[in-house]
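Chains, contacts and geometry: an overview
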Amino acid sequence: MKKMKRTIMAILLIGIACVQANAQQVSVALTAAYEKLLSPVMANKVVAAAEFENIAAKSGSDWGANYYAAYSDAIVALNLHDAKRQDAYLDKADDYLKQTTALNQSPGETYMLAAYVAFARYSVDPANRWKKYLDLVNSNLETAKKANPDNPRIYYLQGILIFNKPKFYGGGTIKAKPYFEKAKDLFNKQDTTSILKPYWGAADNQSYLDKCNE
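Residues numbered from 1 in each chain as written. Predicted model: local features only at pLDDT ≥ 70, side-chain atom pairs only at ≥ 80, totals over all residues. Heavy atoms only, no water.

1. Things to note about the overall build of the protein
For clarity, the threshold we go by: To qualify as a helix, a DSSP run of H or I must reach at least 4 residues; to qualify as a strand, a run of E must reach at least 2; elements of each kind are numbered from the N terminus. Only protein chains enter the calculation, and the probe is 1.4 Å; a residue is then buried if its accessible area is under 20% of its type maximum, exposed if over 50%, and partly exposed in between. In what follows, a contact means two residues having at least one pair of non-hydrogen atoms within 4.5 Å. Exposure was quantified through the Shrake-Rupley algorithm and a 1.4 Å probe, taking into account, for residues, occlusion by the shown protein chains and nothing else.
Secondary structure summary: the protein contains nine helices and zero strands in total. Residue burial in the protein is summarised as follows: out of 214 residues, 43% are buried. Restricting to contacts in the protein with at least 6 residues of sequence separation, those with at least 24 account for 60%. Approximately 12,000 Å² of the protein is accessible, and the part contributed by carbon and sulfur atoms is 57%.

Here it is as structure tokens:
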């Protein structure tokens, strides 16, 4: 009986070790792809998105893999200038986002990502998509804020929306600047030791803040 218990315990420990090793491999792969996504070269962003999608395909139940696949597809879409190709990437982003949501991990970041993907959809055709997608952006941001009001990406994205809004509608650099400043303060407090604790947005937020200061 004791021998059987020891055997079962050994099997469990091996299983746990395998899970941890796999999680570490996924984390390393995600970090490498993320470095490519940060490149200013569009071709590198496309390659990074493909790598994230490949990681997600191999790790279907991994929250981080699906999260970054959705995020990278949104990033590529935002950097393209062809509505058909943009929507094709965002269709994929929506699929990965659904899987991310279903895994029910880090809900605050998941809602923030949902807001960002909706923002990317809006950006494809602002004149015709503002009502549907800006409502989605704002509702997801509010839910993300309830989950974690110290998430800097919330204020970063709010700042972008206000930055691009006409002044006579309450937008412009003066109105947007406090949001980017708040985001910067929160970005500076972020834990950036693990790709599985999303920390994207700081550099872009600083770029917008610099524009506000011009």
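Let us keep going from here.
2. With respect to the packing of aromatic side chains
Put simply, the rule is: Working definition: rings of Phe, Tyr and Trp (its six-membered ring) pair if their centres are within 6.5 Å, and the pair is stacked with planes under 30 degrees apart, edge-to-face with planes over 60 apart, and tilted otherwise. Note on geometry: a ring has a charge over it if NZ (lysine) or CZ (arginine) is within 6 Å of the ring centre and within 35 degrees of the ring normal.
Under the criterion given, the structure shown has 16 aromatic pairs. The interplanar angle of 15° and the centroid separation of 5.2 Å between the aromatic rings of Phe180 and Tyr208 together place this pair among those described as stacked. Note that Phe180 is positioned in helix H8 (residues 173-188) and Tyr208 in helix H9 (residues 202-212), a separation of 28 residues in sequence. Given the relative accessible area of 14%, Tyr208 is considered buried. Over the face of the ring belonging to Tyr155 we find Lys182, whose NZ or CZ atom lies 4.3 Å from the ring centre.

3. Regarding the pattern of salt bridges
Applicable threshold: The term salt bridge refers to a side-chain nitrogen of Lys or Arg lying within 4 Å of a carboxyl oxygen of Asp or Glu.
In this structure the tally under the stated criterion is 10 salt bridges. Here Asp94 ties to Arg121 by a salt bridge, and the two come within 2.9 Å at their closest N and O atoms. Taken together, the positions of Asp94 in helix H4 (residues 83-102) and Arg121 in helix H5 (residues 107-124) put the pair 27 residues apart, joining distant regions of the chain. Two residues, Glu109 and Arg153, come together in a salt bridge whose shortest N-O distance is 2.7 Å. Of the two residues, Glu109 is situated in helix H5 and Arg153 in helix H7 (residues 152-163); the sequence distance between them amounts to 44 residues. Comparing Glu109 with Arg153 shows no difference in burial state: the two are buried. The network of salt bridges with common partners includes Asp87, Asp91, Asp94, Arg121 and Arg129.

4. Things to note about the environment of Thr100
Selection rule: Side-chain atoms alone can form a polar contact between residues adjacent in sequence; in general such a contact is a pair of N or O atoms within 3.5 Å, and within protein one must be able to donate a hydrogen while the other accepts it.
Looking at the secondary structure, you find Thr100 in helix H4. Residue class for Thr100 comes out buried when judged on its relative accessible area of 0%. Separated by 39 residues in the primary sequence, Thr100 and Ser61 place their C-alpha atoms 8.7 Å from one another. Apart from the residues within four sequence positions on either side, Thr100 is in contact with Trp63, Asn66, Tyr67 and Thr110. Of note is the side chain of Thr100, whose polar atom sits 3.3 Å from the backbone nitrogen of Tyr67.

5. Some remarks on the side chain of Arg129
For Arg129, the location among the structural elements is in helix H6 (residues 126-147). Within the structure, Arg129 has its side chain in polar contact with the backbone oxygen of Arg121 (distance 3.0 Å).

6. Some words on the nonpolar core
Soluble, globular proteins show a tendency: their nonpolar side chains are buried together. The following threshold applies: For our purposes a nonpolar core is just a set of buried Ala, Val, Leu, Ile, Met, Phe, Trp, Tyr and Cys residues, chained together by side-chain atoms within 4.5 Å.
Within the largest apolar cluster, 62 residues are counted, with the highest numbers of intra-cluster contacts made by Tyr34, Tyr71, Tyr116 and Leu157. In contact with Leu157, not counting residues within four places along its chain, are Met112, Ala115, Tyr116, Phe119, Val137 and Leu141.

7. Considering the packing of helix H3 (residues 63-78) against H4
Our working definition: Axes, fitted as lines to C-alpha atoms, cover a helix only where it is in contact. Angles between the N-to-C directions of the axes lie from 0 to 180 degrees. Angles are sorted into four bins: roughly parallel if under 35 degrees, roughly antiparallel if over 145, roughly perpendicular if 65 to 115, and oblique for all others. Handedness of a helix crossing follows the sense of rotation of the near helix relative to the far helix, less than a right angle counterclockwise being left-handed and clockwise being right-handed.
Here H3 crosses H4 at 160°, and the two axes come no closer than 8 Å. The angle between the axes of H3 and H4 places the two elements in the roughly antiparallel class. Where H3 crosses over H4, the two elements pack in a sense that is left-handed. Of H4, the residues touching H3 (which contributes Trp63, Asn66, Tyr67, Ala69, Ala70, Asp73, Ala74, Val76 and Ala77) are Gln86, Tyr89, Leu90, Lys92, Ala93, Tyr96, Leu97, Gln99 and Thr100.

8. Quick word on the side chain of Gln86
With respect to the helices and strands, Gln86 occurs in helix H4. Residues contacting Gln86, with those up to four places away along its chain left out, are Ala77, Leu80, His81 and Val124.

Remember that the coordinates give geometry; whether it matters functionally is a separate question.
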